[in-house]
Amino acid sequence: MTIRDDHALAADLATEAGERLLRVRERMGFDDSRALKAEGDRSSHVFLMEALGRLRPSDSILSEEATREERLDPRRLSADRVWIVDPLDGTREFSERAEQDGPGGAVRGRSDWAVHVALWERGRLAAGAVALPAQGRTLTTGEPPKLPAFEKGRFRIAVSRSRPPEFVQKLAYLVGADLVPIGSAGAKIAAVLTGDVEAYVHAGGQYEWDSAAPAAVALAAGAHASRIDGSELTYNQADPSLPDILVSLPELATSLLAGIRDLHR
């Protein structure tokens, strides 16, 4: 692993963690989804914790898979640098079959899951990477993706596959958008950056590790990323809950925020 800077480190770690997760899924198969989920979460967390501990020993870490005591460690709040990681964003999608290549063919897993590695430094997101291992790509702040051009007319909003918030359905009707179900938060935000959708709106409860890395990449790419009331996304807080988010192409942010305000009056 070549270490050039924090951007490259985030990308290298997210990519390698994702490659390891693909090998876990290939080795274990899909027959026991509970065991596959547990091993994916555990193995990716261990890899990232050990790698960051070795390569950035003076930095703090906030990981979804850490113990409650580790996440609430007050030393993190006074640190200048904190890595915020989600070792496996979309555990459900990671453990699900997608399709089979014909009768008796190979079984493929879903591709809408991710690995998040972000660096918070002195009050702001300084670097980040979102690996989409089953899609064979990693989005990074070191080389932010070029945002697709926005064409006026109906657009698409990424939502949860299983529980899209009711207000997002109303918002889509109000602003003239179609809803597109996608798996993990990282996969949804990546879809905005790669042109599969134009926006992502969520208000059903999330934590810092769900959005830190994809928000870092989105902001570096020039996309809009905020809370649904338009306020700034803030990280490394005592309570890591960060329950809502809006990520969109910049041309859509004003109308989406206005629509959200109208629906919450």
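Residues numbered from 1 in each chain as written. Predicted model: local features only at pLDDT ≥ 70, side-chain atom pairs only at ≥ 80, totals over all residues. Heavy atoms only, no water.

With an unreviewed UniProt entry as reference, the protein chain is termed inositol-phosphate phosphatase, source organism Nonomuraea rosea.

Trainee: Go over the packing of aromatic side chains, please, and point to the residues and values.
Mentor: Counting across every chain of the model gives two aromatic pairs. Between Phe 94 and Trp 113, the aromatic rings sit 5.0 Å apart at their centres with planes inclined by 80°, giving edge-to-face as the arrangement. A residue pair is termed long-range when its members are at least 10 positions apart, and Phe 94 in helix H4 (residues 91–94) and Trp 113 in the loop between strand S4 (107–109) and strand S5 (114–121) qualify at 19 residues. Taken individually, Phe 94 and Trp 113 each receive the classification buried, so the pair is uniform in this respect. (Phe/Tyr/Trp six-rings, centres within 6.5 Å; stacked < 30°, edge-to-face > 60°. Helix = DSSP H or I, 4+ residues; strand = E, 2+ residues; numbered from the N terminus. Buried < 20%, exposed > 50% of the residue type's maximum accessible area, 1.4 Å probe, protein only.)

Trainee: Lay out the sheet that holds strand S1 (residues 60–63) with the relevant residues and their values.
Mentor: The mixed open sheet is built from five strands, whose spatial order is S1-S2-S5-S6-S7. Every other strand in the sheet has two partners, leaving S1 and strand S7 (137–140) as the edge strands with one partner each. Geometrically, the sheet is characterised by an average inter-axis angle of 15° between neighbouring strands, direction not taken into account. Pairing analysis gives seven bridges linking S5 to strand S6 (residues 124–132), with the strands arranged antiparallel. Note that in S6 the partner of Ala 118 across the bridge is Gly 128. Packed onto the sheet, helix H7 (residues 208–221) meets S1, strand S2 (81–89), S5, S6 and S7 and runs at close to 95° relative to S6. (Pairing = 2+ DSSP bridges. Axes fitted to C-alpha atoms, helices over the stretch in contact; angles between N-to-C directions. Contact = heavy atoms within 4.5 Å.)

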